[in-house]
Amino acid sequence: MEKVKLSYLIYFIIALGTIILFMSAYKAEKIYEEKLILVTNNKIKEAAKECYLKKECDNKIKLQDLYDKKYLEEVINPITKEIMDRELCLEYKNEKVNFCD
């Protein structure tokens, strides 16, 4: 009888450990993807800010404008591996570059 209870306890601990391991891996993957998106967005914003500071861009520009003015090469979404939308809008307000609403 004791061996049966012990084996159930061992299976329970293994199952619990496996669940915790998979949950941790999933969360780590999500954090990694968020950081990739953040880096890509910051790259776009830095290129736009440089364009604004050199007075070659207006208050609102599109990603295509940055490509045309050679501030940026074609940007690829690091998660989906697709080319970012060329119509993506950026605006310069209060010395900060943000994506349009």
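Residues numbered from 1 in each chain as written. Predicted model: local features only at pLDDT ≥ 70, side-chain atom pairs only at ≥ 80, totals over all residues. Heavy atoms only, no water.

(A) Highlighting the pairing of strand β2 (residues 89–93). Bridging between strand β1 (residues 60–62) and β2 involves 3 bridges; their strand directions are antiparallel. Considered in β2, the bridge of K60 is made with E91. (Pairing = 2+ DSSP bridges. Helix = DSSP H or I, 4+ residues; strand = E, 2+ residues; numbered from the N terminus.)

(B) Expanded view of a nonpolar patch on the surface. A contiguous nonpolar patch, built from V4, L6, Y8, L9, I10, Y11, F12, I13, I14, L16 and I20 and spanning about 1,200 Å² of accessible area, is present on the exposed surface. Here L6 is to be found in helix α1 (residues 2–53). (Patch = residues over 30% accessible without salt bridge, like charges linked within 9 Å, V, L, I, M, F, W, Y side chains within 5 Å. Areas by Shrake-Rupley, 256 points an atom, 1.4 Å probe, with all protein chains shown as cover. Salt bridge = Lys/Arg side-chain N within 4 Å of Asp/Glu carboxyl O.)

(C) Main features of the side chain of T40. Mapped onto the elements, T40 comes out in helix α1. Discounting chain neighbours no more than four positions away, the residues touching T40 are V75, I76 and P78. (Contact = heavy atoms within 4.5 Å.)

(D) Inspection of the sheet that holds β1 at higher detail. Within the open sheet, the 3 strands sit side by side as β1-β2-β3. Their pairing is antiparallel. Edge strands, defined here as strands with exactly one partner in the open sheet, are β1 and β3 (96–99). The mean angle between the axes of side-by-side strands here comes to 30°, regardless of whether they run parallel or antiparallel. Sheet topology note: the β2/β3 ladder contains 4 bridges and is antiparallel. The residue bridging Y92 from the neighbouring strand is V97, located in β3. (Axes fitted to C-alpha atoms, helices over the stretch in contact; angles between N-to-C directions.)

(E) Layout of the state of the cysteines. Applying the stated rule across the entire model yields 2 disulfides. Between the sulfur atoms of C89 and its disulfide partner C100 the distance amounts to 2.0 Å. Judged by the sign of its S-S torsion, about -45°, the bond between C89 and C100 is left-handed. Within this pair, whereas C89 is found in strand β2, its partner C100 is found in the segment after β3, the two being separated by 11 residues in sequence. Overall, the relative accessible area of 22% leaves C89 in the partly exposed class. (Disulfide = S-S within 2.5 Å. Buried < 20%, exposed > 50% of the residue type's maximum accessible area, 1.4 Å probe, protein only.)

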